[in-house]
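# A closer look at the structure
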Amino acid sequence: MKGVLLVNLGSPDSPTAKDVKPYLDEFLMDERVIDVPNWLRNILVRGIILQTRPKKSAEAYAKIWWEEGSPLIVLSERFANKVKEHSDIPIALGMRYGSMPIKGALKELNDKGVDEVLLVPLYPHYAMSSYETVVVKVMEEQEKLFPNMKLTTLPAFYKNPEYIRVLSERIAESLEGFDYDHILFSYHGIPERHIRKSDPTRFHCKIDGKCCQTNSVAHNTCYRHQCFDTTESVKAYLNLPADKVSNSFQSRLPNDPWLKPYTDFEFERFPKEGIKNLAVITPAFVADCLETLEEIAMEGQHQFQEAGGKEYKHIPCLNESDAWVKVMANWIKDWQKTGALPA
Ligand SMILES: C=CC1=C(C)c2cc3[nH]c(cc4nc(cc5[nH]c(cc1n2)c(C)c5CCC(=O)O)C(CCC(=O)O)=C4C)c(C)c3C=C
Ligand SMILES: [Fe+2]
Ligand SMILES: [Fe+2]
């Protein structure tokens, strides 16, 4: 029987340093997230980052935490439940890190008689620290626990026409009545090194003005290209003026060069360039989370207005919206009936 495994990133159990610490430990000790030799990762993560970050992160989580729990988890569960209502095959939800592990979700499917799984990493774009680590972890667990299960993975859907349609309509509906000067597409950042590491040609991705706009097989795994492509597709769908749209990258860790421009620097710059009314969309995330609700909706507004900006609007992620649920349910139905995956 066929079944579906939805996987998102995961959250700590509570917004306390005690619970944030083991979550960050699992997350940052992932070799696809902090991609340095094991001994160095140990020093960086356990010796340095985990000494101070859990307390700071817990304070940020506390600002956005809901009564039902972490917004990322709650929104992912609501999404999964709604997708289930539109499907007649088993659907399970797991998280890459934290206490809703992938092995539990695989077991749930196996117990229902599923032996053919469609894995859906809940990320529109390919990055080794998001999409790839989910695929590798699911493959490891499946081979170990259920070696006879067949696994198929949904490709990154950053330019899928149905995804672009619902994302664009979400933006259009949120912008109704908002007299914006500019729309910022803020994507989660990654270290520049990760772009080069994920380039199968080893020479295409130079992170310059042109590589991401020049056709290449490297784009199948180039996060930067895929982010830019999503923006261009939305721009075309909504016929947005080119000079009123730009990209940026948020949520970096210190020391390494990460993809630029940095979102927080843009918040400081925009008012000086005459941009007073700003809308921000965060398409790297399908569900609102710490990085959208705290960093963008709260801190971002504060930074922009401190720098002289006036009106500020954070556009919510697709979350459990009916339109997005229907798109996912249709992808699942197509795979269930014909084995076809969305283009
Ligand atoms: C959208 C995909 C994501 C990519 C790519 C990604 C890369 C990446 N992230 C970190 C470090 C942190 N990210 C944190 C939170 C976080 N990251 C994503 C998604 C991607 N990360 C989400 C959805 C969330 C929110 C989780 C939630 O519970 O709401 C955090 C934790 C919070 C904090 O302390 O800031 C860290 C740390 C790195 C290093 C990285 C690429 C190398
Ligand atoms: Fe992250
Ligand atoms: Fe590129």
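Residues numbered from 1 in each chain as written. Chains lettered and ligands numbered in written order. Predicted model: local features only at pLDDT ≥ 70, side-chain atom pairs only at ≥ 80, totals over all residues.

### Quick notes on the site of ligand 1
Neighbouring residues of ligand 1: 22 residues in total, closest Ser11, Ser57, Ser129, Cys289 and Leu290. Breaking the shell around ligand 1 down by element, the ones donating at least two residues are helix 2 (38–64), helix 5 (128–145) and helix 10 (290–293). Partitioned by chemical class, the residues of the shell around ligand 1 number 13 nonpolar, seven polar and two charged. Mapped onto the domain boundaries, the shell around ligand 1 takes at least three residues apiece from domain 1 (2–157 + 322–338) and domain 2 (161–315). (Near = placed C-beta within 6 Å. Helix = DSSP H or I, 4+ residues; strand = E, 2+ residues; numbered from the N terminus. Nonpolar A, V, L, I, M, F, W, Y, C, P; charged D, E, K, R; others polar. Domains from an automatic or database assignment.)

### Considering helix 4 (residues 102–111)
Residues separated by three or four positions in an α-helix point in the same direction, a consequence of the helix having 3.6 residues per turn. Residues Ile102, Ala105, Leu106 and Leu109 constitute the buried set of helix 4. Buried positions in helix 4, seen along its axis, are confined to an arc of 100 degrees and lie on one side of it. Here the buried face of helix 4 lies against strand 1 (2–8), strand 2 (91–95), strand 3 (116–121) and helix 5. Of the residues one or two after helix 4, glycine 113 is the one with positive phi, at around 90 degrees. (Buried ≥ 20, exposed ≤ 12 C-beta atoms within 10 Å, placed from the backbone. Arc of directions from axis to C-beta. Contact = placed C-beta atoms within 7 Å.)

### What to know about the sheet that holds strand 3
Taken together, the four strands give an open sheet; going across it, the order is 2-1-3-4, and neighbouring strands pair in parallel fashion. Edge positions in the open sheet fall to strand 2 and strand 4 (150–153), since each of these has one partner strand only. Going across the sheet, the axis of each strand differs from the next one's by a mean of 25 degrees, ignoring polarity. Judged from the six bridges that link them, strand 1 and strand 3 form a sheet pairing that is parallel. By the bridge assignment, lysine 2 is partnered in strand 3 with glutamate 116. Strands in contact with helix 3 (residues 71–85) are strand 1 and strand 2; relative to strand 2, the strand with the most contacts, it is inclined by about 165 degrees. (Pairing = 2+ DSSP bridges. Axes fitted to C-alpha atoms, helices over the stretch in contact; angles between N-to-C directions.)

### Regarding the sheet that holds strand 8 (residues 312–315)
Whenever strands of a sheet pair, they do so through backbone hydrogen bonds, lying parallel or antiparallel. With parallel pairing, four strands are arranged side by side in an open sheet as 6-5-7-8. At either margin of the open sheet sits one strand with a lone partner, and together these are strand 6 (245–250) and strand 8. Taking each pair of neighbouring strands and ignoring which way they run, the sheet shows an average axis angle of 25 degrees. As judged from the six bridges shared by strand 5 (residues 182–188) and strand 6, these two strands associate in the parallel manner. Considered in strand 6, the bridge of leucine 184 is made with serine 246. Against the sheet, helix 11 (residues 295–306) touches strand 5, strand 6, strand 7 (278–281) and strand 8, its axis set at about 160 degrees to strand 8.

### Section: the environment of arginine 224
Tracing the sequence through the fold places arginine 224 in helix 8 (residues 223–238). Overall, arginine 224 belongs to the buried group, with 25 C-beta atoms counted inside 10 Å. Taking the C-alpha atoms as reference points, arginine 224 and lysine 333, 109 residues apart in sequence, are found 30 Å from one another. Once you skip the residues sitting within four places of it in the chain, arginine 224 turns out to touch Ile195, Ile207, Cys212 and Leu259.

### Description of the nonpolar core
Membership of the largest hydrophobic core comes to 92 residues, with the highest contact counts inside it found for Leu5, Leu6, Val7 and Val120. Ranked by residues supplied to this core, first place goes to helix 12 (residues 322–338) with seven residues. Two domains each donate at least three residues to this core, and these are domain 1 (2–157 + 322–338) and domain 2 (161–315). (Core = buried A, V, L, I, M, F, W, Y, C linked by C-beta atoms within 7 Å.)

### Comments concerning the packing of helix 4 against helix 5
Two packed helices can be described by the angle between their axes and the distance between those axes. Remark: helix 4 packs on helix 5, axes separated minimally by 10 Å, with the N-to-C direction vectors making an angle of 50 degrees. By the criterion of interaxial angle, the relationship of helix 4 to helix 5 is oblique. Helix-helix and strand crossings are classified by hand; for helix 4 and helix 5 the assignment is right-handed. Between helix 4 and helix 5, the residues in contact are Ile102, Lys103 and Leu106 and Lys137, Val138, Glu141, Gln142 and Leu145, respectively. Class assignment of the residues belonging to the contact of helix 4 with helix 5 gives a composition of four nonpolar, one polar and three charged. (Parallel < 35°, antiparallel > 145°, perpendicular 65-115°, else oblique. Left-handed = near helix turned anticlockwise from the far one by under 90°.)

### Considerations on the domain arrangement of the protein
Annotation of the protein at the domain level lists domain 1 (2–157 + 322–338) and domain 2 (161–315). When each unit is reduced to the centre of its C-alpha atoms, the spacing between domain 1 and domain 2 is 23 Å. Listed per partner, the contact involves 23 residues of domain 1 and 23 residues of domain 2. Elements with a minimum of two residues in the side of domain 1 that touches domain 2: helix 2, helix 3, helix 5 and helix 12. Across the side of domain 1 that touches domain 2, the residue classes break down as 17 nonpolar, four polar and two charged.

### Some thoughts on the pairing of strand 5
Of all seven residues in strand 5, seven are buried, a share of seventy percent or more. Bridge count for strand 5 against strand 7 is four bridges, and the pairing is parallel. Looking at strand 7, one finds that histidine 182 is bridged to leucine 278.

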